[in-house]
Every structure is written in structure tokens, then in C-alpha cells.
2 protein chains.
Amino acid sequence: MPAPSTASTLPLSQTKPPKHDISGSNMEAAWADFVAIVGQDNVSTLEADLEHHAGSDYSSHTLSQTERTFLIVYPVSTEEVSAIMKICHKRRIPVTGYSGGTSLEGHFAPTRGGICVDFARMNKVLELHKEDMDVVVQPGVGWELLNEELAKDNLFFPPDPGPGAMIGGMVGTGCSGTNAYRYGTMREWVLSLTVVLADGTVIKTRQRPRKSSAGYDLTKTFIGSEGTLGLVTEAVLKVTTKPNTTSVAVTTFGSVRQAADCVAKVVSEGVPIAAIEILDDVQMKCVNASKMTDRVWPEASTLFFKFAGTPSGVKEQVNIVRRLAKDTGSKTFEFAKTAQEQTELWGARKAALWSVMAMREKDTDHVWTGDVAVPISRLPDIIEETKEDITKSGLFAAIVGHVGDGNFHTVMLYNEAQRRDAEEVIHRMVKRAVEMEGTVTGEHGVGLVKRDYLGHELGETTVDAMRKLKLAFDPLCLLNCDKIVRIQKPKPGEITEW
Amino acid sequence: MPAPSTASTLPLSQTKPPKHDISGSNMEAAWADFVAIVGQDNVSTLEADLEHHAGSDYSSHTLSQTERTFLIVYPVSTEEVSAIMKICHKRRIPVTGYSGGTSLEGHFAPTRGGICVDFARMNKVLELHKEDMDVVVQPGVGWELLNEELAKDNLFFPPDPGPGAMIGGMVGTGCSGTNAYRYGTMREWVLSLTVVLADGTVIKTRQRPRKSSAGYDLTKTFIGSEGTLGLVTEAVLKVTTKPNTTSVAVTTFGSVRQAADCVAKVVSEGVPIAAIEILDDVQMKCVNASKMTDRVWPEASTLFFKFAGTPSGVKEQVNIVRRLAKDTGSKTFEFAKTAQEQTELWGARKAALWSVMAMREKDTDHVWTGDVAVPISRLPDIIEETKEDITKSGLFAAIVGHVGDGNFHTVMLYNEAQRRDAEEVIHRMVKRAVEMEGTVTGEHGVGLVKRDYLGHELGETTVDAMRKLKLAFDPLCLLNCDKIVRIQKPKPGEITEW
């Protein structure tokens, strides 16, 4: 046996393929172990369940037929999750965690079989500390439901990713949404996590105070780790008071560059907007076609602004934005005078993704939602170049984004014949972002689909450091193996050329 | 040789003492290596330098005579730091990083000798991206100087720890200061880090966009790691626009509990204050005695509020705070009508620490600044109980704190004869914080002095996970060894009873 490495990183060339045991006899024996822990009713081997837990229509990862777990287990407590992981550790069984299943980059594809741990039964809001402005929840709580609960006390939890997302997965991807410009991402809203590690050890990363510098920031280490370092079984989240006045404004432009220029101006003047969203002309066409809103919109590049604060503060902000929009060539500017008008105006933003989904003509049509972010000064360039590239490719794609953060998505329709072209458009968009000092993903995470881009964005040594971190906490590579970083050399020709 | 561990954590019982080589011959040979890298003028072995780099008057750690490095090296670039670390890795020489030297818990005590890397020559603001609202700096840049530079463009960088602190150390402790209530801590203001790891590998944790979910959050892993995981050689910091209107209010109370109650009310009403600071009656006595401000203050528990926003917003906030202060029993309420009055009122807050330092009568008198944080609802309890305990102990100590975050400091005078009593007061304060679901340190960090408290706050398994992380990036334990977590079993009787 060689001496233990003294290096600070783990290059891919020095990895060895993980040794799992997913033999029939081992899995059957484990099945009995799991039944003893959670009861027969809470283990499923139904084919429909297995398929549902392997991927989704939203995901850009094309699932292979072999990507199935042997069973799904539904624990109800941290202790049960720990007992399950101890079995898997002893038996060398890979494990994929599952909560809302809304992620986009193949995050929960069970590439190496094994089992799926579904947190559906761990769906309780455990404690609300109103005075301390925090709430203790289980991973199976959805953010929409949580906000309904919090609203009773005039509180709210800002991160707003896709509908259906749950706290477990939101921690996993370090998600955000339209409120991130004002409030920040999950990273800013999680105080503490209870995590079951790969060998079944339970750790709690922090206590509840707002500030702490007590040792390594394990909370942040687990946020965005996509289930590869541990399974989150409890989270303490910060909450805040609901803003007392809000408004919405919508303004259209002659070109996507003008709209993006307007965003850059608003951001650099430091106007404390709650949210700034862009929808391009294609996206607005889809909103009209879907008839999901009551009105017909101009089919032009459009900015949606959300304002929050005191009545006079909101009024002041609306006026600044109106002036900046005019300076950058806006054609129309409308702001909501009533709560109903707010809902109506914001309704188009809400309908964006679904309206593109509604454009699918056949079951074999797919939607690919790609996500990059750049420093705000490069936003007009990247949006314009990406739009031109889409047009050239002949594909149908809308652009919609959280542009205040320099973050936008393409929402692309494609069928099987177009898959290759779609991949290439996304590839060029990602490359463009990296060349503009941007990131390959602003909020969706890396999963399977984007992991080979990481080295281009961050450099190979940084990826090697990430790999060292992964193997430190999970030496047998049991937890959501293959996500974020490769832990095994790729087959020849497997990696697309940069 | 035993098989590599498959565990996710590293308990102290399974550690082996690190094997360093600080023999005379090895150090002499390394000296020549360093001279070849940085030049003769940038390596120092002067006794005064070595003493100055081992500890400070501020620190609560009592330095032992053996805690000296063999030399100080002053690199000028990431490449030089990498070359230095490669030498130390090959020669098994321990390394302590040094920038401002203002930390408090023995953070840079060279417990195992070796060398000190001082970042004094890496003190440049490298790039300011005004449109993107970020700035690229070296670790030897002080926050005060940085803010002078940024002010020319109406920008500022919020974290405001002790005077003299520099970016390298501020990243190291994950510091904050009076602005944290409104703006958050270092964790929220660092976009990206360039880090030299223990074996000399250089990594860059992120690119510059505001949002990214590209892999593990290594940026946050290094923030607060106290120089134990790598040496920061470059940082990209977010900056923001200076608020256009500010004001200051000062209000006094009959008891420290009333003052703390007022804070809890202001926080739970969600009033967007910029800062809320408490100074107790003892602290106000010191401010008066020091004559550092022009006026004589009531010697009572006092709250200092900072407001920022639009003129009408600030006015609104002042009125809400005035009402809440009255409700909780305030005796006086004064707010600044001019910029000069703001400076005058805030002056007392600024003078707090120095005014206690000024109370020292002899060279052998020391100041011990302890720091804990609790969930805001427990703040009145912990401040009151701590104050009673100080009174009982017969020691002289003021209380001053960033109370909006549930975070406060005791600033205690003691001489050698009182050292034991002072230790015990701090010990009880820390224990009290943990029992109230608080943290042993809100912003100072763990260093040497607080590391044995971590297990009580977080549980031993969490500390074991931190130890695994440390050894993953630094298998030879070269970087600021012994800080944050022990990597070697303590001698009998070394750990104080909880």
C-alpha cells in the first residue's frame, strides 16, 4: 500500500474507481435492513417510483435506462437517516437524496444505482422563533408552503426557486430566484444544518445566533454541495418581515441590448430595487400565445421591476427607474397603482417558463433551461451574442433572467433530432460566460451536465481541491457520486472539446 | 500501514502528532531557499521582528517564550508565496500567515515555530471595477485605507473590524463590526479568493459575478479558516454605494436589561437600522474618564443607533426607534441634526475600546476582549447575568456590543494576579452563551483560546468533521497548526473542565 498523500488536492489522474456493491444479494439483504429501520410501508421498489425518482422532464440530462435505484426509502427522522447511511456504508451502497425533484442538470440521476432516500415524510416546520426571526424545518418542506405559514406572522423567507422546490434540494443547489437581487441566495438565509454524513455520523453545523465565527463554516460547505457531502435532515433558516409597501413596473425596449444597458445603469446607481427581471421578445411572444395572462403584451424586450420599502421610498425608486429607462431608450413604462395591477403585471413574469413549456407540440419535444451569470458590465454583450447565436442555430429559445445579478436563462425547445444543436448552443453560451469572467451556473448548480465546465471556469487545481473535499467527507464515494466533480477518469471521447 | 480510513470525520483519538522538522540545519537551509525566492532584504531574523510577529497586547493568549518563528519572510506575489510553501512542504516546516496582527485569541501564535509569512508587501488595490461594483485587492490592504480609495467613487466596503485590520486577517476570522447588522459580515462581501494551499498549489475559488453555484463554495470554506487551510494572496470584494443620508441617535436607560429589551424590540419589528450598539454604564464611565470626546455623557446603559437611507426613510426610522425606546423605559433620546453632531455622537462609540485601554495603570495591566453571540431573544438575559457575574468577581469590565446581531464583548482589565479570575469570568460567559443556543464567538474567531469550547457549542462529531477538513487540505499540518481544532491529544489536565 502506498504512503498516504501529502498533497492538498486530488487530481483526477490519481483517483481510483469507487468500489460499490450493488449485487442482487447485497441489495436484497440491505432491503431487509431498511425495512427493519423504517417499516415495510416506507420502502418502495415499484417501477413507476423508481422511474419518477431518476429524472424529470425539466432536466437537461438524458437519462440512460441503467440509471435506476434498487429501491426508494422514506425515513422520518435524523436517526433513521443515520441508520440507513450506516447500512449503506457497511454494504458499500451508493445513495442519492431526493426532495422536490425540480433540479435541472441531472442532479439526482442515480448513475451508479444503489438506493434513493426520499424526504417526503420529513416535511414538518418544527419550530418558529418569532422574536429571533428564524424557523427550524425538515428538508421535505416546500418554500411556497413555508411562506404560507410564515405569512400568518407577517414574516417571509426570500429564496424563490422553481415551484415545487423543497428546502433539502434548495440547500443542495444553493438556489435563489427573483428575490436574490435584494435579499441574496440560500447562502445568506441558512443559519445552521443538521447533516448525516456518508458513514452515518450526525453533525450540526451551527447554533442559532445571527452571527458566529466558531470554526470552519461547515454550513456553507454543505450549501451547494448537491447531496455529495451529506444528507441534510434539518435546517435553521433566517426569516424576515414582509416589506410594507411593494410595487411593480414594466418597461419595454427596442432591443435586448437597450434593456440590458438599463439594468446595468440601475445596478451601478445602487437603486435598492427588490428584483429586476428581463424577458426578451421571444419570451413575450410565448406569454401572449399561452394566454396565461389577461392582457396582450408588446412583443419586445421587457424589464420587470419589483419595488419594496416605505411608500415614499417606493415612489422615489419608481421615478429613478423611469428616468434611467428613458435614458436607455425605453418605449413604454407602466407601473402598478393597485395590488391587483401588481399581480397582473408580475403575472407575465410568473408565466414565463410555463408559457414556453406550453409551446411544445409533441411529447418528444423537450425544454432545456440553461443558466449562466457574468459581471454586470458584460450583461448586454452576453445576452446580445447569445440571442444572435440562437437565431443562427434555427432553434426556438427565449431569454429570461434575474438580470440584477448578471444571471439569465435560455429556455429552449428541442426535439430528439435537435438535441445536438441544443447542446452546442448551451456549450457556446457557457464558454462565452467564462470568457467574460462569468460562471457556468448562477443558481442551477453543476450536477452531471456542467461538471466538465468547472475546470474551464475555475482552473483544474480548484476542481482538484473540490475533489479532495468530496473524498475527505465521503471516502467511499457513496453520496450522489459523479455529481459536481468526476471521481473517475472519463472514457476516451467522453468529454466534449472546449 | 493500516488501510485508509473510510470514515467521514477524524476524532482526536485517532490523530497522530504532526512530524515537523525545525532543526537548525533544516531551517538554515530553508533560509537560503527563501532568500533565493524573495531576496535577502525580504527575510528577517531580527529578534524584535520575531517577537512582534508572535503576539500582541490585545491578545487574550499568554504567549510562551518558545512561541517564536525562526524567521519572517515578506513575499510580493502569489508565485512567491507558492514557492515558499513548496519549500516548507518539502522540508516539513510549519507556517503562520500574518497581516494586520489585530486578532484577539492567539490566532498567530507560532506554537510550533517554523516561519511567519508577512503580507506587508502585498498591499495593493489591484483593480477597481466600478460598473461591476467589485474590487480586487491583496491581503495586506487595510480596510480603512481601502475605504479612503473607494470613497473617491462614492463607494464603500462595509466590514469594519478593529483599526489596523487587513483583508488577509479579515478573511481569516470572517470578521464584521458595527455595520454587520445592516450589511452582513465578511462572508457576504468576499466574491472570490486566490489561495496558496499547504503544498504550494494555487487555486482561485470563483470568478467575479455576483451569483454562482458552480461547485463547492470554497470561498466560504476559506473565510473564517484562520489561516489553517491556505494563505490568501488575492481577494475580490463586493463594494456598494455609500448611503446618501445617515443619522445617529443615542438613548440611555436605567438598566442594561431595559437597553437590551429595546434592541430586541427594534430587531423584531424589522426596522432597517444600519447599526445598533450597546455601551454599558461602566463603558460610559471610561469614555468620560478618557476625555476622548468633547462632552460628558450620562454614565448609564446607552444605545447608539446609526441610520442610513433616504431623508424621509431616516426620519421615519428615528421616530420608530424613539417610540420603542420610550416603551422600554429610555431616560434620554438625542439624535444628530448635522453631520458634525453625528460625528460627535458616534465618537463615544468609536472611543469605547481605547477608553478602557486607557484605564490601565501599569504595564502589567492587560485588557481581555471576549465575544459571544446569542439568539436576539436571549440577549437581555445574557447581558444582565454576565454583568452580575463581573460585579461579583470584583474585576473591572465594560460591556460593548453589536447587539442587533445578538453579539457583545466584555472588555476586561486584569493584572497577572487576576488572570485566573478573568479566565473564569470569560469561561462562564461562554458557557452561558452556549446554554442559550449561542456561539462562543460572534466575530473574533476561535484561535488557540476558544478551540476547546467548540465541542460544547457544536458537538464533538462536528469538531471531528472540521478536523477531517483541515487534514484533507493540509495533511502535514503545516498551516497555523493548533488553531481552531486540536490535531494532537492534549496533555493530562490541559483542558479546563466545562
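Just so it is clear, the model here is predicted, and its values are computed rather than measured.

Basis of the calculations
- Residues numbered from 1 in each chain as written.
- Chains lettered and ligands numbered in written order.
- Predicted model: local features only at pLDDT ≥ 70, side-chain atom pairs only at ≥ 80, totals over all residues.
- Heavy atoms only, no water.
- Helix = DSSP H or I, 4+ residues; strand = E, 2+ residues; numbered from the N terminus.
- Rg over C-alpha atoms; globule rule 2.2 N^0.38 Å.
- Buried < 20%, exposed > 50% of the residue type's maximum accessible area, 1.4 Å probe, protein only.
- Contact = heavy atoms within 4.5 Å.
- Areas by Shrake-Rupley, 256 points an atom, 1.4 Å probe, with all protein chains shown as cover.
- 1 Å grid on protein atoms, 1.4 Å probe; cavity = no way out; pocket = protein on both sides within 12 Å on 5 of 7 lines; lining within 4 Å.
- Points joined across faces, edges and corners; volume = space filled by probe spheres on them.
- Nonpolar A, V, L, I, M, F, W, Y, C, P; charged D, E, K, R; others polar.
- Salt bridge = Lys/Arg side-chain N within 4 Å of Asp/Glu carboxyl O.
- Least-squares fit on C-alpha atoms with pLDDT ≥ 70 in both.
- Domains from an automatic or database assignment.
- Buried area = accessible area lost by both parts, 1.4 Å probe.
- Polar contact = N/O pair within 3.5 Å; in protein donor to acceptor, adjacent residues only side chain to side chain.
- UniProt positions renumbered as here; feature names shortened; annotations may be inferred.
- Expected span 1.5 Å × (residues − 1).
- Pairing = 2+ DSSP bridges.
- Axes fitted to C-alpha atoms, helices over the stretch in contact; angles between N-to-C directions.
- Core = buried A, V, L, I, M, F, W, Y, C linked by side-chain atoms within 4.5 Å.
- Phe/Tyr/Trp six-rings, centres within 6.5 Å; stacked < 30°, edge-to-face > 60°.

J.: What is the right way to read the overall build of chain A from this model?
T.: Of regular secondary structure, chain A possesses 16 helices and 18 strands. At 23 Å, chain A has a C-alpha radius of gyration in line with the 23 Å of a compact globule built from 498 residues. With the C-alpha coordinates of chain A rotated into their principal frame, the extents come out at 70 × 55 × 45 Å. The buried share among the 498 residues of chain A stands at 62%. Pairs at least 24 apart in sequence give 73% of the contacts found in chain A among residues at least 6 apart. Working note: accessible area of chain A is about 18400 Å², and carbon and sulfur atoms make up 51% of it.

J.: Honestly, the layout of surface pockets in this entry has me stumped. Any pointers?
T.: A probe matching the size of a water molecule, rolled over the atoms, marks out where space remains unfilled. Of the pockets and cavities examined, the second largest pocket occupies roughly 2400 Å³. Lining the second largest pocket are 44 residues, with Ala-3, Pro-4 and Ser-5 of chain A together with Pro-4 and Ser-5 of chain B sitting closest to its centre. Elements with a contribution of two residues or more to the lining of the second largest pocket: α16 (460-473) of chain A together with α16 (460-473) of chain B. Taken together, the residues of the lining of the second largest pocket sort by class into 26 nonpolar, 10 polar and 8 charged.

J.: Honestly, the pattern of salt bridges in this entry has me stumped. Any pointers?
T.: Residue and element names in this part refer to chain A. Using the criterion set out here, one finds 62 salt bridges over all chains in the structure. Across the salt bridge formed by Arg-68 and Glu-47, the nearest N and O atoms sit 3.2 Å from each other. Taken as a pair, Arg-68 in the loop between α2 (47-52) and β2 (71-73) and Glu-47 in helix α2 lie far apart in primary sequence, 21 residues in all. Under the relative-accessibility criterion, Arg-68 is labelled buried at 17%.

J.: Quick question: what am I supposed to make of the relation of the copies chain A and chain B here?
T.: For the pair of chain copies, the relating operation is a rotation around an axis with a shift along it. When chain A is fitted to chain B, the residual RMSD is 0.0 Å, and the transformation amounts to a turn of 180° plus an axial shift of 0.0 Å. What the rotation and shift describe, once combined, is the action of a two-fold rotation axis.

J.: Would you mind going over empty space enclosed by the protein with me for this structure?
T.: Residue and element names in this part refer to chain A. Here the structure, examined in full by the defined rule, presents 3 cavities of 30 Å³ or more. Per-element tally for the lining of the largest cavity: the top contributor is helix α8 (residues 218-222), with 3 residues. Broken down by class, the residue content of the lining of the largest cavity amounts to 3 nonpolar, 5 polar and 4 charged.

J.: Help me understand the domain arrangement of chain A, please; the structure alone is not making it clear to me.
T.: How big an interface is tends to be expressed through the accessible area that disappears when the partners come together. Residue and element names in this part refer to chain A. The assigned domain composition of chain A is domain 1 (19-120), domain 2 (125-241) and domain 3 (245-436). Placing the centre of domain 1 and that of domain 3 at their C-alpha centroids yields a distance of 37 Å. If you look at the interface, domain 1 gives 6 residues, while domain 3 gives 7 residues. Here domain 1 packs against domain 3, burying approximately 570 Å² in sum over the two surfaces, 44% of which is carbon and sulfur. Considering only the side of domain 1, the residues that lose the most area to domain 3 are Asp-57, Tyr-58 and Ser-60, jointly responsible for 64% of the buried surface there. The interface formed by domain 1 and domain 3 includes 0 salt bridges. Connecting domain 1 to domain 3 are 2 residue pairs in polar contact (both at pLDDT 80 or more). Tallied by class, residues from the side of domain 1 that touches domain 3 come to 2 nonpolar, 2 polar and 2 charged.

J.: I keep staring at the UniProt feature "domain: FAD-binding PCMH-type" (unreviewed entry) in chain A and nothing clicks. Help me out?
T.: This chain's UniProt record puts "domain: FAD-binding PCMH-type" (unreviewed entry) on residues 65-242 of chain A. The span residues 65-242 of chain A carries 24% helix and 24% strand; its end-to-end C-alpha distance comes to 46 Å.

J.: Can you walk me through the interface of chain A and chain B in this structure?
T.: With 92 residues of chain A at the contact, the number on the chain B side is 92 residues. Regarding the contact of chain A and chain B, the summed buried area is about 7100 Å², with carbon and sulfur atoms giving 57% of it. Linking chain A to chain B there are 8 salt bridges. When the shortest N-O distance is used, the salt bridge between Asp-405 of chain A and Lys-211 of chain B registers 3.8 Å. If you look at where chain A meets chain B, you find 49 residue pairs in polar contact (both at pLDDT 80 or more). Among the elements of the structure, α7 (186-189), β9 (202-204), α8, α9 (256-268), α11 (311-327), α15 (454-458) and α16 of chain A are those that each provide at least two residues to the side of chain A that touches chain B. By residue class, the composition of the side of chain A that touches chain B is 35 nonpolar, 35 polar and 22 charged.

J.: I keep staring at helix α3 (residues 78-91) of chain B and nothing clicks. Help me out?
T.: Along an α-helix, residues three or four apart share an orientation, since each turn contains 3.6 residues. Residue and element names in this part refer to chain B. End to end, α3 covers 20 Å across 14 residues, agreeing with the expected 20 Å (1.5 Å per residue, within 8%). Taken as a whole, α3 has its buried residues at Thr-78, Glu-80, Val-81, Ser-82, Ile-84, Met-85, Ile-87, Cys-88 and His-89. Count one or two residues on from α3 and you reach Arg-92, which has phi positive near 60°.

J.: I would appreciate a short explanation of the sheet that holds strand β13 (residues 275-279) of chain A in the present structure.
T.: Consider a sheet: its strands pair through backbone hydrogen bonds, and that pairing is either parallel or antiparallel. All names here are of chain A. Strand order in the open sheet formed by 7 strands is β15-β12-β14-β13-β17-β18-β16, and the pairing between neighbours is antiparallel. If you trace the sheet from one side to the other, it starts and ends with β15 (330-335) and β16 (366-373), each paired once. Each adjacent strand pair in this sheet contributes to an overall mean axis angle of 15°, direction not counted. The strands that α9 touches are β12 (245-253), β13 and β14 (301-309); relative to β14, the one it contacts most, it runs at about 20°. Here α11 sits on the sheet in contact with β12, β14 and β15, set at roughly 160° to β14.

J.: Help me understand the nonpolar core, please; the structure alone is not making it clear to me.
T.: Considering soluble globular proteins, one finds that nonpolar side chains tend to be buried as a cluster. Ile-167 and Phe-305 of chain A together with Ile-167 and Phe-305 of chain B are the most contacted members of the largest nonpolar core, which has 179 residues in total. Residues in contact with Phe-305 of chain A, not counting those within four places in the same chain, are Ser-247, Val-248, Ala-249, Thr-251, Cys-262, Val-266, Ile-273, Ala-275, Ile-276, Val-321 and Trp-346 of chain A.

J.: Even after reading the chapter, I still don't get the sheet that holds strand β3 (residues 95-98) of chain A, so can you show me in this structure?
T.: Residue and element names in this part refer to chain A. Reading across from one edge, β1-β2-β4-β3 is the order of the 4 strands in this open sheet, with mixed pairing throughout. Two strands lie at the open edges of the sheet, namely β1 (43-44) and β3, each paired on one side alone. Direction of pairing for β1 relative to β2: antiparallel, over a ladder of 2 bridges. Within β2, the position partnered with Ser-44 by the bridge is Ile-72. Along the sheet, helix α3 (residues 78-91) contacts β2, β3 and β4 (115-118); its crossing angle with β4, the most-contacted strand, is approximately 170°.

J.: How should the packing of aromatic side chains be read in this particular structure?
T.: The way to describe two aromatic rings as a pair is by their centre distance and the angle between their planes. All names here are of chain A. Per the stated rule, a full pass over the model turns up 22 aromatic pairs over all chains. Their ring planes at 65° and their centres at 6.2 Å tell us that Tyr-183 and Trp-189 sit as a pair that is edge-to-face. Here Tyr-183 matches Trp-189 in class, with each residue buried. A ring pair is formed by Phe-222 and Phe-473, whose centres lie 5.9 Å apart and whose planes are at 35°; its orientation type is tilted. Note that Phe-222 is positioned in helix α8 and Phe-473 in helix α16, a separation of 251 residues in sequence.

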